[in-house]
Amino acid sequence: MATVASEPEGVAYRRRGVFARPKATTGVWSWITTVDHKRIGKLYGVTAFMFFLVGGLEALLIRSQLARPNGHVVTAEAYNELFTMHGLTMIFLVVMPLSAAFFNYMIPLMIGARDVAFPRLNAFSYWAFLFGGLFLYSSFVLGGAPAGGWFGYAPLSEQPASHMHFYALGLLILGISSTVAAINFAVTIINMRAPGMSLMRMPVFVWMTFVVSFLLIFALPVLTVGLFELFFDLRFGTNFFVVAKGADPVLWEHLFWLFGHPEVYILILPAMGIVSEVLPVFSRKPLFGYPVVVFSGIAIGFMGWGVWAHHMFAVGLGPVANSAFALSTMFIAVPTGVKIFNWLATLHGGDIRFRTPLLFALGFIAMFTIGGLSGVTHAVVPADYQQTDTYYIVAHFHYVLFGGSIFGLFSGIYYWWPKMTGKLLSEAVGKVHFWLMLIGFNLTFGPMHILGLQGMPRRIYTYPSGRGWNFWNGVSTIGSFLIATSILVFLGNVVWTIRRGKAAGADPWDARTLEWSIPSPPPPHNFDEIPVVASIDPHWHAKYAEGPEGELVPVVAGGSNGPDQGPGAEHHPGTGTQAHGEGDGDGHGHGIHMPSPSYFPLIAALGLPILAYGLLFSTVFIVDGVITILVGLYGWALEPSAEP
Amino acid sequence: MATHIKAVEHGAATSTGLSNAKLGMWAFLASECLLFGALISTFLLYRDRHVTGLTPQKVYDIPYTSVSSFVLLMSSLTMVLALAAIQRGDHAKLRTWLVATALLGMTFISGQVYEFTRFVQDGMTIKTNVIATSFFTLTGFHGAHVTVGILMLLSLFGMSLDGRLPVERAEAVELVGLYWHFVDIVWIVIFTVVYLIPKSS
């Protein structure tokens, strides 16, 4: 395309002559240069799952070390690296990108758009995430992985043995990726909705993505500043956290947790959104109190900014600050509790079908409620003095982040897998997966409550016998291997499904939202005609009307352009009352211009780790990195987003 | 065909009527507010601490920095003139004002480089103490932002010379303008906090 002979009229841009525009639609290059939100979503999902396996292996090593007193599976130094990298991996390389995988794949489909607002920026986010993760992991072979804990408290983080250089730069790269993605999704949701898709008709998952995007936009720069300060101290000898030069290391804690507590909601709100989609579908009822669920999500988003110091009760901020943050922390449990009651009320009286996505959603509600309740106990300052830095805290945040986020995300994986691949995961194997994981999870993390209250500190690489900790640590380790088994069952399910899974059809769950109105997997342009939305749950209302007794009556063929077969059958878009658009008179997909693939997001993202290695090792790489970024950005800016 | 490209490029028919790029820029600037907010908070936390060695309050020259601040604020005026020029299709004036804005920005940056050099010669480096550390980091981050802005202005200038900046793409100038004004406004806050508010005893 670099030498197009006849330029279309009215196109004011000149063609570049450096690279030919990538054109592959299959094969490796088509994935490397893709800007299609669905492909980027899959890339996010697969990459995040790989990191999930790595983070899981780290967890198994940790549990093996702690299975018995005086364990010697790993050294103390290796243990510090393992728990630090386990936390960083699960938060920044698993839960956030796995949520981003669903944002990418589902948001445009759910709001009736053909792509995100900035397709190339979307590709850039993915590559920056991948390179940031690989950069972080390269530390294992380049002098030692970060060992100062995932929240990297100063001044420990500035000890040479903590290896926090890679932590600071790795999280900066991942932060760039997440900020860019968040801006992209905020704009997509504000600006790319189909006609009639007003804010209060958006699916709850879209709403939660919207809230998460704003949390990321505002929270990440605070972490960015903290990371720069840490890195400057480590590399350039500045004094941000050096007490001898007049500094106050508590600054790091404030900066970190001012990011870190919104981050907690960044991790849990997407799962809450998924559960809010799954429960109505499998109860065959609308979500109970939709506006209340939405406003609770928004309230959590706002209140999440006023609770960060509950991570710091033991620091000594004084009784006034501690009391204020204790109150705000108890208060934020209110909108969270409201959501839980709404979910229960959605189930109440529903025509419930216990399919795997619903099981994981129910697991989410139960486990998250336990984690939420133990969270409220932290809000009581005197009790928190007892719990701080014990395994009780470890139990709490695993109940909300594993029992909450990971169960919610698995619910989403089972729910949307047929939409993404066109095949249904095995229900029978899925149920085995669920029960193994639920039991394994509770065996692993339930006993940690007891261990914590018995006084076992977190982050010790070994413990002596005779403290009463031996039994429950053994149970916990057995549980962790049960979780690992359940993940193997899931992987088996995936392999089996890819080989001989049942075809799903467009709408296997008889679902409610727009993504189920198009074929599975969706065509590259998503919607042949952009749907017009007339209500919440538009796809449901296209299929069913309400009878005189309030019973469901399938909409008859031809009625209001709805589906021409019974519910659950494969059919053409019938979404709400009518459809408009350019039409596909020229035939399937013609006349619809999708953004063209591009090399430049990859090139710009590649410059980031090069620059980061340069900052650590050699000026040459700094220059290389900056040049790579500039080449990427200029090529990007000068390239039209779509070829004619 | 061309209309399709325009639809993609200009985000026509968006839900709000605003272009995607402009909303994206506003969201980015919102994020930047917190970045500078955290840096300014760091400086405010440390500015009154008891330290050994020189501090910015002992070495800076307020009249000198006031002049360079004035230069930077005037660049916002030339930026507005550049946008007005492209919106009425006057490409020659556009290029004049873009270069003027970039030059004013460069004057400001040169002033900062001179100021930093003099501080270092006086014996205050980024390592001296925690006040100096947070001073250099805060003003340095701002300087880096101005530098990126200058690069964007010069890029616009180059694109305009090359014929890649037709009237329909006036929004590109507007976006760079938003960023430029933001960097100016942040400087007003930094100048006030760092230079004008006296150190409490």
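Residues numbered from 1 in each chain as written. Chains lettered and ligands numbered in written order. Predicted model: local features only at pLDDT ≥ 70, side-chain atom pairs only at ≥ 80, totals over all residues.

1. Considering the overall build of chain A
Applicable threshold: Put simply, DSSP marks the helices as runs of H or I at least four residues long and the strands as runs of E at least two long, and each gets a number from the N terminus on. Restricting the calculation to C-alpha atoms gives the radius of gyration, and the globule rule supplies 2.2 Å times the number of residues raised to the power 0.38. Partly exposed residues are those whose C-beta has more than 12 but fewer than 20 other C-beta atoms within 10 Å; with 20 or more the residue is buried, with 12 or fewer it is exposed, and the C-beta atoms are placed from the backbone. By definition, residue pairs are in contact when their C-beta atoms, positioned from the backbone, come within 7 Å.
If you tally the helices and strands in chain A, you get 17 helices and four strands. For 644 residues, the compact-globule estimate of 2.2 N^0.38 gives 26 Å, and chain A sits close to it at 25 Å. In terms of overall dimensions, chain A has a C-alpha envelope of 75 × 65 × 50 Å along the principal axes. The buried share among the 644 residues of chain A stands at 55%. Considering only contacts within chain A whose residues lie at least 6 apart along the sequence, 79% involve residues at least 24 apart.

2. As for the overall build of chain B
Helix and strand content of chain B: seven helices and zero strands. N-terminal to C-terminal, the α/β element order of chain B is α-α-α-α-α-α-α. Oriented by its inertia axes, the alpha-carbon framework of chain B measures out at about 70 × 35 × 25 Å. Counting all 201 residues of chain B, 38% fall into the buried class. Residue pairs in contact within chain B that sit at least 24 positions apart in sequence constitute 81% of those at least 6 positions apart.

3. Quick look at helix 10 (residues 356–379) of chain A
We count it as follows: Given a helix with a known number of residues, its expected span is that number minus one, times 1.5 Å.
Under the 1.5 Å per step criterion, the end-to-end length of helix 10 of chain A is 34 Å for 24 residues, consistent within 8% with the ideal 34 Å. Burial of helix 10 of chain A is extensive: 17 of the 24 residues sit out of reach of the surface.

4. Observations regarding the packing of helix 6 (residues 204–236) of chain A against helix 7 (residues 250–283) of chain A
All names here are of chain A. Let me state the cut-off plainly: Here, axes are lines fitted to C-alpha atoms. For helices the fit covers the stretch in contact, and angles between N-to-C directions go from 0 to 180 degrees. An angle counts as roughly parallel when it lies under 35 degrees, as roughly antiparallel when it exceeds 145, as roughly perpendicular when it falls between 65 and 115, and as oblique in every other case. In this scheme the crossing of two helices becomes right-handed for a clockwise turn of the near helix relative to the far one and left-handed for an anticlockwise turn of less than a right angle. When residues are sorted by character, Ala, Val, Leu, Ile, Met, Phe, Trp, Tyr, Cys and Pro go into the nonpolar class, Asp, Glu, Lys and Arg into the charged class, and all the rest, Gly among them, into the polar class.
Axis separation between helix 6 and helix 7 bottoms out at 8 Å; the angle between their running directions is 165 degrees. Here helix 6 is positioned roughly antiparallel relative to helix 7, judged by the angle of their axes. Classified by chirality, the crossing of helix 7 by helix 6 is left-handed. Of the residues contributing to the contact of helix 6 with helix 7, the split by class is 25 nonpolar, four polar and two charged.

5. Points about the environment of A:Gly371
All names here are of chain A. With respect to the helices and strands, Gly371 occurs in helix 10. Judged by C-beta crowding, with 21 C-beta atoms within 10 Å, Gly371 ranks as buried. Among all residues touching Gly371, those that are not within four sequence positions of it are His396, Tyr399, Val400, Gly403 and Gly404.

6. Remarks on the nonpolar core
All names here are of chain A. The cut-off we apply is this: By convention in this section, buried Ala, Val, Leu, Ile, Met, Phe, Trp, Tyr and Cys residues joined through C-beta atoms within 7 Å make up a nonpolar core. Segmentation of the chain into domains, including their bounds, is taken from an automatic or database domain assignment.
Counting residues in each nonpolar core, the largest one holds 244 residues, and the members touching the most others are Ile111, Ala168, Ala186 and Val275. The element contributing the most residues to this core is helix 6, with 24 residues. Summarising the domain contributions, this core has at least three residues from each of domain 1 (1–32 + 593–644) and domain 2 (33–503). If we skip the residues at most four places from it in the chain, Val275 touches Trp343, Ala361, Phe364, Ile365, Gly408 and Ser411.

7. Here we look at the packing of helix 5 (residues 165–191) of chain A against helix 6 of chain A
Residues and elements named next belong to chain A. Orientation of helix 5 relative to helix 6, taken along the N-to-C sense of each, is 155 degrees, at an axis distance of 8 Å. Compared by their axis directions, helix 5 and helix 6 come out roughly antiparallel. In this structure, helix 5 meets helix 6 at a crossing whose hand is left-handed. Taken together, the residues of the contact of helix 5 with helix 6 sort by class into 20 nonpolar, seven polar and one charged.

8. A look at unusual backbone geometry
Residues and elements named next belong to chain A. Residue Ala154 is joined to Pro155 through a cis peptide bond whose omega torsion reads 0 degrees. Tracing the sequence through the fold places Pro155 in the loop between helix 4 (119–138) and helix 5. Look at the link from Ser520 to Pro521: it is a cis peptide, with omega at -15 degrees. With respect to the helices and strands, the residue Pro521 is situated in the loop between strand 2 (502–503) and helix 15 (538–543). Positive phi values are uncommon outside glycine, yet Asn70 reaches one of about 55 degrees. A residue is classified by how many C-beta atoms lie within 10 Å of it, and Asn70, with 8 of them, is exposed. With a phi close to 50 degrees, His163 is a non-glycine residue in the positive phi region.

9. Some remarks on the confidence of the model for chain B
Residues and elements named next belong to chain B. Test applied: Looking at any residue, its pLDDT shows the predictor's confidence there, from 0 to 100.
In the predicted model, chain B carries a mean pLDDT of 92, and the fraction of residues at 70 or more is 94%. Per-element averaging of pLDDT across chain B places helix 1 (residues 2–10) at the bottom with 39 and helix 5 (residues 91–122) at the top with 97. Taken together, the stretch residues 1–12 has pLDDT below 50 and engages in 25 contacts with residues farther than four places along the chain or on a different chain. For this predicted complex, the interface confidence score (ipTM) comes to 0.93, while the overall pTM stands at 0.91.

10. Observations concerning the environment of A:Leu615
Residues and elements named next belong to chain A. With respect to the element layout, Leu615 can be found in helix 16 (residues 600–616). For Leu615, a count of 18 C-beta atoms within 10 Å translates into the label partly exposed. In the structure, Leu615 is positioned 446 residues away from Leu169 in sequence and 8.9 Å away in space, judged by C-alpha atoms. Apart from the residues lying within four places of it in its own chain, the contact partners of Leu615 are Leu169, Arg235 and Ile622.

11. Overview of the environment of B:Asp90
Tracing the backbone through its elements, the reader meets B:Asp90 in the loop between helix 4 (62–87) and helix 5. A C-alpha to C-alpha distance of 10 Å links B:Asp90 and B:Pro166, two positions 76 residues apart in sequence.

12. Focus: helix 4 of chain B
All names here are of chain B. For helix 4, which comprises 26 residues, the first-to-last C-alpha distance of 38 Å matches the rise-based estimate of 38 Å (1.5 Å per residue) to within 8%. Looking at the buried side of helix 4, the elements it contacts are helix 5 and helix 7 (170–196). Backbone geometry just after helix 4 places Gly89 at a positive phi near 80 degrees.

13. So, the confidence of the model for chain A
All names here are of chain A. Taken over all residues, the pLDDT of chain A has a mean of 90, while the share at 70 or more is 91%. Ignoring residues within four places in sequence, the model shows residues 1–17, a span with pLDDT below 50, making 23 contacts including any to other chains. Note on residues 558–590: pLDDT under 50 across the span, and 73 contacts to partners over four residues away in sequence or across chains.

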